[in-house]
Amino acid sequence: MTTKKGRSLRQEEVYKSLHAGALSSAPFALRVTQHSDVPPPVLVIKERRAREGDQEDARTGHLQDRGRLYGDALRRLLPLVKSIVAQARNENDVPLEVDIFLSIDAIKTQRTLVINEESGAKLGIIFKLQERMTDLDRVELLARRVATFSREEASYWFSRISHYGPVANRWAVSGLRIMLCGHGKGQEGDVEAALEKLRARQ
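The structure presented is a predicted model; accordingly, all values stated were derived computationally and were not measured.

Reading the values: the criteria
Residues numbered from 1 in each chain as written. Predicted model: local features only at pLDDT ≥ 70, side-chain atom pairs only at ≥ 80, totals over all residues. Heavy atoms only, no water. Helix = DSSP H or I, 4+ residues; strand = E, 2+ residues; numbered from the N terminus. Rg over C-alpha atoms; globule rule 2.2 N^0.38 Å. Contact = heavy atoms within 4.5 Å. Buried < 20%, exposed > 50% of the residue type's maximum accessible area, 1.4 Å probe, protein only. Pairing = 2+ DSSP bridges. Axes fitted to C-alpha atoms, helices over the stretch in contact; angles between N-to-C directions.

This part takes up the overall build of the protein chain. Helix and strand content of the protein chain: seven helices and four strands. Listing every helix and strand of the protein chain by position from the N terminus yields α-β-β-β-α-β-α-α-α-α-α. Relative to its length of 202 residues, the protein chain is compact, with a C-alpha radius of gyration of 17 Å against a globular reference of 17 Å. With respect to the three principal axes, the spread of C-alpha positions in the protein chain is 50 × 50 × 35 Å. Relative to all contacts within the protein chain whose residues are 6 or more apart in sequence, the contacts with residues 24 or more apart total 65%.

Every regular strand shows the same layout, with side chains that alternate between the two sheet faces. Most of strand 2 (residues 42–49) sits out of view: seven of its eight residues are buried. Sheet analysis places strand 1 (residues 28–33) next to strand 2, joined by six bridges and oriented antiparallel. What sits directly across from Val 32, in strand 2, is Leu 43. Relative to strand 3 (residues 62–70), strand 2 runs antiparallel, the two being bridged by eight bridges.

The next thing to look at is the sheet that holds strand 1. Within the open sheet, the four strands sit side by side as 3-2-1-4. Their pairing is antiparallel. Because the sheet does not close on itself, it has two edges, and the strands there are strand 3 and strand 4 (111–115). The mean inter-strand angle of the sheet, taken between neighbouring strand axes irrespective of direction, is 25°. Helix-sheet contacts for helix 2 (residues 71–85) involve strand 2, strand 3 and strand 4, and the interaxial angle to strand 3 is about 125°.

The step from Pro 40 to Pro 41 runs through a cis peptide bond, and the omega angle for that step is -5°. By the secondary structure assignment, Pro 41 is in the loop between strand 1 and strand 2. For Asp 93, which is not a glycine, the phi torsion comes out positive at approximately 65°. Assignment of secondary structure puts Asp 93 in the loop between helix 2 and strand 4.

Bringing the pairing of strand 1 into the picture now. In terms of residue burial, strand 1 counts as a mostly covered element, since five of its six residues are buried. As judged from the five bridges shared by strand 1 and strand 4, these two strands associate in the antiparallel manner. Within strand 4, the residue paired with Arg 31 across the bridge is Thr 112.

What follows is the structure in structure tokens.
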């Protein structure tokens, strides 16, 4: 069995070799942090994108916040978040091992982690759609459905909720949320049934 000290050393080794030097050009990043207005820890998904009016390539642009996850929703979705980022690889097809930084002990340490476009888009959708939702079954249902998206589907829907201006983004968030987990009125049985089917498959 790996000791806590051994896990910590492994995390530091992976962070130095795969994350610290790659953050300046990563398409997405996952920040493990704290915010004064919500209970810690907080996961923040960031996308690298050129600022409006900037002529530079988005790949050398700035990391911009696209959503955050904390509290009961974080506890509910953490295993699913780990499974999504566990698939992330860098441009050399080397696994980024992001999931080892998301254990209950590891997320007490603040860091910024490199993730690839597919994982970043999926987390961006999940983090954004679950904002202000209180029904954790619906939150889990939408997250599990987003986890099944292909890379192309994730990129498309992330773009629709992020890159079309405040009004269009808001409408896209509302529509996609309903498509993935209903509108939350009188659907308890439907949500539970759909959730159980997905849990059995994933």
